[in-house]
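The primary structure of each chain is shown beneath.
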Amino acid sequence: MKGLPDNILEGDGTAMAAMNKQFRTGEFTYGQNHLTSTNNLRVGLHNFLTKDEPRRLRKSGPTIEIVRTERDIQVATSLIDAIDHAQAGNYIDASHYPGLEVCDR
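Residues numbered from 1 in each chain as written. Predicted model: local features only at pLDDT ≥ 70, side-chain atom pairs only at ≥ 80, totals over all residues. Heavy atoms only, no water.

Draft legend 1. Seen up close, the overall build of the chain. Counting its regular elements, the chain contains three helices and two strands. Of the regular secondary structure in the chain, the N- to C-terminal order runs α-α-β-β-α. Counting every position in the chain, which comprises 105 residues, the buried fraction comes to 26%. The long-range share in the chain, meaning contacts at least 24 apart out of those at least 6 apart in sequence, stands at 46%. (Helix = DSSP H or I, 4+ residues; strand = E, 2+ residues; numbered from the N terminus. Buried < 20%, exposed > 50% of the residue type's maximum accessible area, 1.4 Å probe, protein only. Contact = heavy atoms within 4.5 Å.)

Set out below in structure tokens:
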């Protein structure tokens, strides 16, 4: 988490690890509701995987085509799985999800 020393991060330092702790304890991690942040992340990932129409990155910016590589799809799908597991209290760490095992925090 930005601004926190590595030695006090929850689990592997991901939002999923923090959400997993929140699920188990019922308490926010470092004052943040990770259910909200992981839900927002999940919606964005789902939209990335399912919406094909061109979009703008900014309201006044150019329209861009959506391009997804196999790796993009693998990582997005694994992140959704990790979020789902964390929200059920079953997340272990990123190494258990194909494509995330090499992601560095």
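Back to the text.
Draft legend 2. Up close: the nonpolar core. Of all hydrophobic cores here, the largest spans 15 residues; its most connected members are Met-16, Leu-45, Leu-79, Ala-82, Tyr-91 and Leu-100. Counting only elements with at least two residues in this core, the list comes to helix H1 (15-25) and helix H3 (70-87). Tallying contributions element by element places H3 first for this core, with seven residues. Setting aside chain neighbours within four positions, we find Leu-100 in contact with Val-75, Ser-78, Leu-79, Ala-82 and Ala-94. (Core = buried A, V, L, I, M, F, W, Y, C linked by side-chain atoms within 4.5 Å.)

Draft legend 3. How the structure looks around the packing of helix H2 (residues 34-50) against H3. Close contact between H2 and H3 brings their axes to 10 Å; oriented N to C, the two are set at 150 degrees. Taken together, H2 and H3 sit at an angle that is classed as roughly antiparallel. Taken as a pair, H2 and H3 cross one another with a handedness that is left-handed. For the pair formed by H2 and H3, the contact residues are Leu-35, Thr-38, Asn-39, Leu-41, Arg-42, Leu-45, His-46, Phe-48 and Leu-49 on the first element and Asp-72, Ile-73, Ala-76, Thr-77, Leu-79, Ile-80, Ile-83, Asp-84 and Gln-87 on the second. Of the residues that constitute the contact of H2 with H3, the class distribution is ten nonpolar, five polar and three charged. (Axes fitted to C-alpha atoms, helices over the stretch in contact; angles between N-to-C directions. Parallel < 35°, antiparallel > 145°, perpendicular 65-115°, else oblique. Left-handed = near helix turned anticlockwise from the far one by under 90°. Nonpolar A, V, L, I, M, F, W, Y, C, P; charged D, E, K, R; others polar.)

Draft legend 4. Just the pattern of salt bridges, in detail. For the structure on display, the rule yields three salt bridges. As a salt-bridge pair, Glu-10 and Lys-21 come within 3.6 Å of each other at their nearest N and O atoms. With a gap of eleven residues between them, Glu-10 in the segment before H1 and Lys-21 in helix H1 connect regions that are remote in the sequence. Across the salt bridge formed by Asp-52 and Arg-68, the nearest N and O atoms sit 2.8 Å from each other. With Asp-52 in the loop between H2 and strand E1 (55-56) and Arg-68 in the loop between strand E2 (63-64) and H3, this residue pair connects regions lying 16 residues apart in the sequence. Among the residues examined, Arg-68 registers a relative accessible area of 22% and is labelled partly exposed. (Salt bridge = Lys/Arg side-chain N within 4 Å of Asp/Glu carboxyl O.)

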